[in-house]
Structures are given as structure tokens and as C-alpha cells.
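# Chain and residue survey
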Amino acid sequence: FASDVSQTLIYIAETKYPTKHIKYSNRDGADFRKLHKNSFDLVIMNLSISYVDDVSRLLKGVNRILKPGGRFIYSVDHPLKYSAYADFGKSNFDHAQYEIKQYLKQRRKVAHNHWTGEKNLNIFVRPLSFYINSCGKAGLLTRNICEPVTVAEFREKKVSTKIPFKIICETVKT
């Protein structure tokens, strides 16, 4: 089962990965009404939890559909992401310092939507502790946190930095 709020992304996924084994659904990520309780072993949100306004509602839904002992894995931007960008010239040092100083401040940003080309994408910037504590309140215990080494393409060349771009968190339904 795979879902996204964007019909465009569902179309891309269906076209790129046609299979009878995945049911694609265009819906809000926090809408679990049509999914059965205790029916999933694993729920993954790759860099999408930051687009969700009501994280508490989302996590309650994840808990409801996970089987006992089921895992929820999510990824978010690393708080040092802008330093990594500055490390290879995608951002300047002053902007990186500004973002790092804003780390604990929860806020909404409007960003460029790479899929539509418009600047209309709401991103909710929150510290990692917000997600870990919210998961705990929803009965999802953080079991593992991974900060992978970053290798990316920038200006048509491969770049790497020891400063991670992303954080991956694994939780377990208690």
C-alpha cells in the first residue's frame, strides 16, 4: 500500500513502478479511516512527516493500523542540513548559521514545489525532539536513530560531506 496527497506523485509512482502488489491511493497522509486496525507490520514516511500539520493525529493513526510490535520508520531533514549545503556551495555560510540558530523554533515555511514548479509547499520545521516525544505520546517507542553520510549530486557532480542531510528514526508500537 502506498499513498500520497499529491495525485501527480501517485501517477509517477504508478507509472514508474507498475505492480499488482502495491495498491496506490491518493489521500491525506493522516487519514487512516479506511485502513483496518492492527493490519500493518511496517509504516514508512520518507521525508514526508514535515508536510503534516497535525502530527499527533497522524501518529495516533499510525499506532492504530500497526500490529503490536509493528515498526514506524520516518525521516526528516537533519538540523545541520544547511551546514552540509554550505560545505559544498549550495548555500552560503550566513544562511546556514541562521537556520541552525532557528533550530528549536517550530515554524511553517512555504517552499518551492519541485513537482508543480510553484512556490506553494507548506513545510513544518520542528526539532527532532518534537517528533521523538510525539511518537512516545502516541505509543511509538524510538528504537533507533541513523544519521547517514551524505552523498549527493550538485551541479552535475557527485559531492559528499561528513555532515548528514537527513535523520532516519525507527519506532516500535508498544
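Attention here is on the structure that accompanies the text. (Residues numbered from 1 in each chain as written. Predicted model: local features only at pLDDT ≥ 70, side-chain atom pairs only at ≥ 80, totals over all residues. Heavy atoms only, no water.)

## Some remarks on the side chain of glutamate 99
Counting through the fold element by element, glutamate 99 comes out in helix α4 (residues 93–101). A polar atom in the side chain of glutamate 99 sits 3.4 Å from the side chain of lysine 109. (Helix = DSSP H or I, 4+ residues; strand = E, 2+ residues; numbered from the N terminus. Polar contact = N/O pair within 3.5 Å; in protein donor to acceptor, adjacent residues only side chain to side chain.)

## A word on the pattern of salt bridges
Going through the model one piece at a time under the given rule, you end up with eight salt bridges. With a closest N to O distance of 2.9 Å, lysine 81 and aspartate 77 form a salt bridge. The class for aspartate 77 is partly exposed, based on a relative accessible area of 33%. The partner of lysine 109 in a salt bridge is glutamate 99, with the nearest N and O atoms 3.4 Å apart. With lysine 109 in strand β5 (residues 107–112) and glutamate 99 in helix α4, this residue pair connects regions lying 10 residues apart in the sequence. Residues participating in the shared-partner salt-bridge network are Arg71, Arg143 and Glu170. (Salt bridge = Lys/Arg side-chain N within 4 Å of Asp/Glu carboxyl O. Buried < 20%, exposed > 50% of the residue type's maximum accessible area, 1.4 Å probe, protein only.)

## Some thoughts on the sheet that holds strand β3 (residues 40–45)
Sheet architecture is open: four strands sit in the order β3-β4-β10-β7, paired in mixed fashion. Among the strands making up the open sheet, the edge pair consists of β3 and β7 (140–146). Neighbouring strand axes in the sheet, compared pairwise and without regard to direction, differ in orientation by 20° on average. In the sheet, β7 pairs with strand β10 (residues 166–173) via six bridges, with the strands oriented antiparallel. (Pairing = 2+ DSSP bridges. Axes fitted to C-alpha atoms, helices over the stretch in contact; angles between N-to-C directions.)

## What to know about the nonpolar core
Counting residues in hydrophobic clusters, the biggest one holds 23 residues, and the most contacted among them are Ile49, Leu58, Leu59, Val62, Phe72, Tyr74 and Leu140. Ranked by the residues each element gives to this core, the list is headed by helix α2 (residues 55–65), at five residues. Discounting residues that sit within four places of it in the chain, leucine 58 has contacts with Gly29, Ala30, Phe32, Met45, Ile49 and Val52. Among the nonpolar cores identified, the runner-up in size contains five residues, and Tyr82, Ala84, Tyr85 and Ala96 belong to it. (Core = buried A, V, L, I, M, F, W, Y, C linked by side-chain atoms within 4.5 Å. Contact = heavy atoms within 4.5 Å.)

## Notes on a nonpolar patch on the surface
On the surface, a nonpolar cluster with roughly 360 Å² of combined accessible area is contributed by Tyr11, Ile12 and Trp115. When its relative accessible area of 53% is taken as the criterion, tryptophan 115 is described as exposed. (Patch = residues over 30% accessible without salt bridge, like charges linked within 9 Å, V, L, I, M, F, W, Y side chains within 5 Å. Areas by Shrake-Rupley, 256 points an atom, 1.4 Å probe, with all protein chains shown as cover.)

## Focus: the packing of aromatic side chains
We describe a pair of aromatic rings using the distance from one ring centre to the other and the angle between the two ring planes. One pass over the structure, following the stated rule, counts three aromatic pairs. Centre to centre, the rings of phenylalanine 130 and tyrosine 131 are 5.3 Å apart; their planes meet at 85°, and the pair counts as edge-to-face. Three or more aromatic residues joined by ring pairs make a cluster, and in this case those are Phe72, Tyr74, Phe130 and Tyr131. (Phe/Tyr/Trp six-rings, centres within 6.5 Å; stacked < 30°, edge-to-face > 60°.)

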